[in-house]
Protein chains: 4
Amino acid sequence: MSFQAADPGYEARIRESFARQTVMATLGASLSSVSPGQVEIQLPFRADLCQQHGFFHAGITATIADSAAGYASYSLFPADSSVLTSEFKLHLLAPADGERLRAVGRVLKPGRTLTIAEAEVFALKGGREKLCAKLIGTLVTLQGRSDLPAAG
Amino acid sequence: MSFQAADPGYEARIRESFARQTVMATLGASLSSVSPGQVEIQLPFRADLCQQHGFFHAGITATIADSAAGYASYSLFPADSSVLTSEFKLHLLAPADGERLRAVGRVLKPGRTLTIAEAEVFALKGGREKLCAKLIGTLVTLQGRSDLPAAG
Amino acid sequence: MSFQAADPGYEARIRESFARQTVMATLGASLSSVSPGQVEIQLPFRADLCQQHGFFHAGITATIADSAAGYASYSLFPADSSVLTSEFKLHLLAPADGERLRAVGRVLKPGRTLTIAEAEVFALKGGREKLCAKLIGTLVTLQGRSDLPAAG
Amino acid sequence: MSFQAADPGYEARIRESFARQTVMATLGASLSSVSPGQVEIQLPFRADLCQQHGFFHAGITATIADSAAGYASYSLFPADSSVLTSEFKLHLLAPADGERLRAVGRVLKPGRTLTIAEAEVFALKGGREKLCAKLIGTLVTLQGRSDLPAAG
């Protein structure tokens with residue numbers, strides 16, 4: 001599906017908000033692509049983000065998948081709004097094993113208050129990408145509440 | 001519901017596996033309680049694990065909730081087995097805001113191959129705990145496959 | 001958790017809405033209990049509502065679980081409102097096998113726009129009830145929109 | 001994604017199992033298409049399968065979506081096996097309003113024990129189809145257990 005952003009400044013708005021998600025810098029994740037209704041986040045492998053078998057922990061996969069789905073949704077929101085995740089479901093389809101994860105968030109159904117979005121997470125290993133997780137969730141538009149922190 | 005562990009060494013097995021989840025040390029999470037069918041993980045607040053509004057990122061909440069539900073399940077597994085998350089759903093019920101998160105995982109329905117478990121996550125703020133998230137998911141028993149890494 | 005209904009006429013409002021859910025009469029389901037934040041629906045076994053092994057089809061279990069969670073939520077809504085399900089997850093924990101199903105819906109977290117509710121479904125067989133399914137879902141309040149059909 | 005069926009008799013096996021799902025005849029649902037990894041079920045509108053606003057009840061939408069995902073999965077199972085739903089999540093994206101529902105189930109990730117499948121449900125109204133619901137769920141292969149009822 002193809003979407004139009006209501007707010008022409010959507011990309012700057014998303015990049016600014018992403019920069020305030022402190023967990024992204026802590027994990028080493030970066031925003032690799034932003035377009036209306038679709039956002040991509042990448043995360044290079046780190047041995048200190050793993051579960052007991054040496055793969056990315058499901059919660060770390062969830063972290064970038066949730067933000068990818070959230071910002072995909074936020075790209076279609078009005079300028080003066082904020083975004084919250086209400087719930088998501090994550091299926092782990094294959095070990096999150098490799099040199100890098102790539103989460104692609106996409107809006108499935110936009111709405112004034114509730115947006116339904118998906119994210120697919122791919123693990124890059126030896127030059128090949130494999131779908132390793134899929135998220136589907138509900139994002140909430142907080143109208144008239146800028147995402148920017150209030151002045152101090 | 002109350003459960004009996006089939007493996008008397010369940011607690012040591014869980015603590016050893018938790019210690020190999022490198023993401024836990026990275027986040028600063030600790031295993032605060034282990035009993036048959038129930039496991040608790042705590043995570044003190046850190047400003048570098050947040051989303052854009054300064055609360056814990058949903059993926060970090062998911063990280064400790066998933067491990068709490070996973071190890072609650074693993075407590076009922078046989079000694080020579082491993083645990084994998086197949087899927088989970090997470091509801092964000094209130095901002096994950098405060099001095100510390102506490103995730104309590106509990107088995108809802110044990111099974112030979114599939115175990116259904118829940119986790120509730122509480123945020124401690126100013127001496128009061130508030131339910132901020134709830135997870136329900138499916139854990140898989142890998143029979144005859146020790147969780148320990150193979151000898152090098 | 002215990003809740004107070006904002007609308008003293010909540011029970012009549014729910015019973016009237018349930019009576020308009022034509023699928024309930026078609027299946028033979030009845031509203032067995034209504035209180036603030038909790039609603040119970042019962043469904044006697046019928047051989048023509050089954051899946052291939054002779055148990056209730058998961059979708060029929062979902063039907064009464066969804067309505068139980070929906071009306072549990074609706075009990076806390078204002079008088080002049082309507083209720084919609086946005087999403088739910090259903091775990092099938094045991095075969096829905098027996099003489100009767102009983103779905104108990106309960107509000108987990110009320111909200112002005114979004115309410116999170118759960119439902120447990122029990123199968124009665126030979127005088128004993130067994131938890132056979134669990135639902136958790138998101139219900140939406142449509143403010144200022146009566147649930148009653150508009151006059152013709 | 002494109003799949004190959006391991007059992008050349010998969011279509012007859014599915015049609016025979018569907019015929020034993022008594023709820024399908026009760027609702028008036030029919031199996032409109034079967035191929036490896038994809039199954040389609042249709043359900044004409046009936047005023048006696050509705051929620052309070054006159055649209056298909058979410059549980060009825062779930063019934064055909066669950067069977068479509070289940071049989072899509074079952075198409076890839078070995079001959080001597082049976083299929084069970086472990087859990088599913090259903091998002092309601094638009095009112096299930098119109099002359100007919102069409103549920104298209106597709107396998108997302110096949111597996112020896114667990115298969116992850118999706119279903120999209122479209123509502124046909126005035127000659128146009130609209131996506132009204134999406135399901136994603138976990139299906140279990142019961143190995144060595146034919147789906148056929150045991151001889152009496």
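Presented here is a report on the structure given in the accompanying data block. Just so it is clear, the model here is predicted, and its values are computed rather than measured.

## So, the overall build of chain A
Each helix and strand counted, chain A has 3 helices and 6 strands in total. If you list the helices and strands of chain A from N to C, you get α-α-β-β-α-β-β-β-β. Relative to the compact-globule value of 15 Å for 152 residues, chain A shows a C-alpha radius of gyration of 15 Å, a close match. C-alpha atoms of chain A, sized along the principal axes, occupy 45 × 40 × 25 Å. Taken over 152 residues, chain A has a buried fraction of 55%. Taking the intrachain contacts of chain A between residues at least 6 apart in sequence as the baseline, contacts between residues at least 24 apart amount to 69%.

## What about the environment of B:Ser82?
Residue and element names in this part refer to chain B. Take Ser 82: it is sitting in strand β3 (residues 81–92). C-alpha of Ser 82 to C-alpha of Ala 72: the two residues are 10 residues apart in sequence and 13 Å apart in space. With residues near it in sequence (within four places) discarded, Ser 82 still touches Leu 142, Arg 145, Ser 146 and Asp 147.

## Quick look at the relation of the copies chain D and chain A
The transformation that overlays chain D on chain A combines an axial shift of 0.0 Å with a rotation of 180°, and the residual RMSD is 0.0 Å. Look at the turn and shift together and you get a two-fold axis relating the two. Taking the C-alpha atom as reference, chain D places D:Lys89 closest to the rotation axis, 4.0 Å from it. When the interface residues of chain D are mapped onto chain A, 100% of them again fall at the interface, so both copies present the same face.

## Some remarks on the environment of C:Gly98
Residues and elements named next belong to chain C. If you trace the backbone, Gly 98 turns up in the loop between β3 (81–92) and β4 (100–109). Linking Gly 98 and Phe 122, residues 24 residues apart in sequence, is a C-alpha distance of 9.6 Å. Setting aside residues up to four positions removed in sequence, Gly 98 forms contacts with Phe 45, Ala 123, Leu 124 and Lys 125.

## Some details on the relation of the copies chain B and chain A
For the pair chain B and chain A, the superposition axis carries a translation of 0.0 Å, the fit reaches an RMSD of 0.0 Å, and the rotation angle comes to 180°. Looking at chain B, 100% of its interface residues are interface residues in chain A too, so the copies touch through the same face.

## Examining the sheet that holds strand β1 (residues 30–35) of chain A
Pairing is antiparallel across the open sheet formed by 12 strands, whose spatial order is β1(A)-β2(A)-β4(A)-β5(A)-β6(A)-β3(A)-β3(B)-β6(B)-β5(B)-β4(B)-β2(B)-β1(B). What marks the edges here is a single partner per strand, and that holds for β1 of chain A together with β1 (30–35) of chain B. Averaged over all adjacent pairs, the angle separating strand axes in this sheet is 25°, with direction ignored. Where strand β3 (residues 81–92) of chain A meets strand β6 (residues 128–143) of chain A, 11 bridges bridge the pair, whose relative direction is antiparallel. Looking across to β6(A), one finds that A:Ser81 is bridged to A:Gln143. With respect to the sheet, helix α1 (residues 10–20) of chain B is in contact with β1 and β2 (38–44) of chain B, its orientation differing from that of β1(B) by roughly 160°. Running over the sheet, helix α3 (residues 58–74) of chain B touches β3 of chain A together with β2, β3, β4 (100–109), β5 (114–125) and β6 (128–143) of chain B and is turned about 40° from β4(B).

## Let's talk about α1(B)
All names here are of chain B. Every buried residue of α1 is accounted for by Tyr 10, Arg 13, Ile 14, Ser 17 and Phe 18. Mapping the buried residues of α1 onto a view down its axis gives an arc of 130°, with all of them on the same face. Seen from the open side of α1, the exposed residues pointing more than 90 degrees away from its buried face are Ala 12, Arg 15 and Ala 19. For α1, the elements touching its buried residues are α2 (22–27), β1, β2 and α3.

## What about the pairing of strand β5 (residues 114–125) of chain D?
All names here are of chain D. Across the 12 residues that make up β5, a large majority, 9, are buried. What sits between strand β4 (residues 100–109) and β5 in their antiparallel hairpin is a turn of 4 residues. Relative to strand β6 (residues 128–143), β5 is paired through 12 bridges, and the arrangement is antiparallel. The residue of β6 that forms the bridge with Ala 123 is Lys 130. Between the antiparallel neighbours β5 and β6 lie 2 residues, among them Gly 126 with a positive phi of about 55°.

Scoring rules and cut-offs
- Residues numbered from 1 in each chain as written.
- Chains lettered and ligands numbered in written order.
- Predicted model: local features only at pLDDT ≥ 70, side-chain atom pairs only at ≥ 80, totals over all residues.
- Helix = DSSP H or I, 4+ residues; strand = E, 2+ residues; numbered from the N terminus.
- Rg over C-alpha atoms; globule rule 2.2 N^0.38 Å.
- Buried ≥ 20, exposed ≤ 12 C-beta atoms within 10 Å, placed from the backbone.
- Contact = placed C-beta atoms within 7 Å.
- Least-squares fit on C-alpha atoms with pLDDT ≥ 70 in both.
- Pairing = 2+ DSSP bridges.
- Axes fitted to C-alpha atoms, helices over the stretch in contact; angles between N-to-C directions.
- Arc of directions from axis to C-beta.

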